[in-house]
Amino acid sequence: MVDETPIRVHKNLEDKGIPFAKDQAMGVYSSIWNADDWATQGGLVKTDWSHAPFVASYKEFQIDACEIPMTSDLSKCNGDQKFWWDEPTVSELSLHQNHQLIWVRANHMIYDYCYDATRFPVTPLECQHHRHL
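Figured I'd write up the structure that's included with this text. These numbers were taken from a predicted model, which means no experiment stands behind them. Throughout, residues of each chain are indexed from 1 in the direction in which the sequence is written. Totals for whole chains, interfaces and linings use all residues, but because this is a predicted model, local features are given only for residues with pLDDT of at least 70 and pairs of side-chain atoms are given and counted only at 80 or more. To get the side-chain values, take all heavy atoms of the structure and skip hydrogens and water.

Counting from the N terminus, the helices are the DSSP runs of H or I reaching at least four residues and the strands are the DSSP runs of E reaching at least two. Counting its regular elements, the protein contains two helices and zero strands. Across the 133 residues that make up the protein, the buried fraction comes to 17%. In the protein, the proportion of contacts linking residues at least 24 apart, taken out of those at least 6 apart, comes to 47%. Residue burial considers only the protein chains on display, and all accessible areas are found by Shrake-Rupley using a 1.4 Å probe. Surface accessibility of the protein: about 11400 Å² in total, with carbon and sulfur atoms responsible for 55%. Three exposure classes are used, based on accessible area relative to the maximum for each residue type with a 1.4 Å probe and protein chains only: buried under 20%, partly exposed in between, and exposed over 50%. By the convention used here, residues are in contact when the closest approach between their heavy atoms is within 4.5 Å.

Below, the discussion takes up a nonpolar patch on the surface. Any residue with relative accessible area above 30% and no salt bridge may belong to a patch, with like charges joined within 9 Å and the nonpolar Val, Leu, Ile, Met, Phe, Trp and Tyr side chains within 5 Å. In what follows, salt bridge is the name for a side-chain nitrogen of Lys or Arg lying within 4 Å of a carboxyl oxygen of Asp or Glu. A contiguous nonpolar surface patch, about 460 Å² in accessible area, is contributed by Val28, Tyr58, Phe61 and Ile63. Mapping tyrosine 58 onto the fold places it in the segment before α1 (95-108).

Let us look at unusual backbone geometry. Each neighbour pair has its own omega, and for alanine 52 with proline 53 the value is 5°, a cis peptide bond. Phi is positive for aspartate 3, which is not a glycine, with a value near 50°. With respect to the helices and strands, the residue aspartate 3 is situated in the segment before α1. At glutamate 4, a residue that is not glycine, the phi angle is positive and equals roughly 65°. Secondary-structure assignment places glutamate 4 in the segment before α1. Since its relative accessible area comes to 65%, glutamate 4 is described here as exposed.

Glancing now at the packing of aromatic side chains. Two rings from Phe, Tyr or Trp (for Trp, the six-membered ring) form a pair when their centres sit within 6.5 Å of each other. Planes less than 30 degrees apart are called stacked, planes more than 60 degrees apart edge-to-face, and all others tilted. Taken as a whole and judged by the stated rule, the model has two aromatic pairs. Both rings, one in tryptophan 49 and one in phenylalanine 54, keep their centres 5.6 Å apart while their planes meet at 65°; by these two values the pair is edge-to-face. When the centroid spacing of 5.8 Å and the interplanar angle of 65° are considered together, the rings of tyrosine 113 and phenylalanine 120 count as edge-to-face. With relative accessibility at 28%, the residue phenylalanine 120 sits in the partly exposed group.

A word on the state of the cysteines. By definition, disulfides here are pairs of cysteine sulfur atoms that lie within 2.5 Å. Tallied over the entire structure, the rule returns one disulfide. Note on cysteine connectivity: cysteine 114 is disulfide-linked to cysteine 127, with sulfurs 1.8 Å apart. Negative torsions about the S-S bond denote left-handed disulfides, and the value of about -70° found for cysteine 114 with cysteine 127 makes this one left-handed. Of this pair, cysteine 114 sits in the loop between α1 and α2 (125-128) while cysteine 127 sits in helix α2, and the two are 13 residues apart along the sequence. The two residues cysteine 114 and cysteine 127 agree in class, both being buried.

Bringing the pattern of salt bridges into the picture now. All chains considered together, the criterion is met by one salt bridge. The shortest N-O distance in the salt bridge between aspartate 112 and arginine 105 comes to 3.0 Å. Pair check on accessibility: aspartate 112 and arginine 105 agree, each one buried.

Right, let's talk about α1 for a bit. Look at α1: 20 Å from first C-alpha to last across 14 residues, which is about the 20 Å you get at 1.5 Å a residue. Three or more residues of α1 are buried, namely Gln97, Gln100, Leu101, Val104 and Arg105. All buried residues of α1 fall inside an arc of 135° around its axis, so they share one side. Every exposed residue of α1 that faces more than 90 degrees away from the buried side is listed here: Leu95, His96 and Ala106. In a helix, the anticipated span is given by 1.5 Å times the number of residues less one. What the arc describes is the spread of directions from the helix axis to the C-beta atoms.

Below you can see the structure in the form of structure tokens.
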């Protein structure tokens, strides 16, 4: 979610043999890279290097998660303890959130690897099991 608007959904499809990151530590990373040969509408839009250097900044960035130091035991976040993300009300998007996601994809998404037959001649397994709007 960005500003309470869903921008991506990654469903747990372990029952279909697709790995899901639920029992491992995760991190947040950000980068800017030149992908104008594939990610910019199939290479049609080229990077305008006259605008360099490119900078990304984040304001009021919050992560609501089970925090553990890098050297700690992950069991702190497993077991009997319950977190907000375990609640049934957040396991699916609401009707309004689904409409927001459709709008985001239609107005902002320019690349979806599930439809990139050049880079992925065989459709990735996770793309075969969920609906792409």
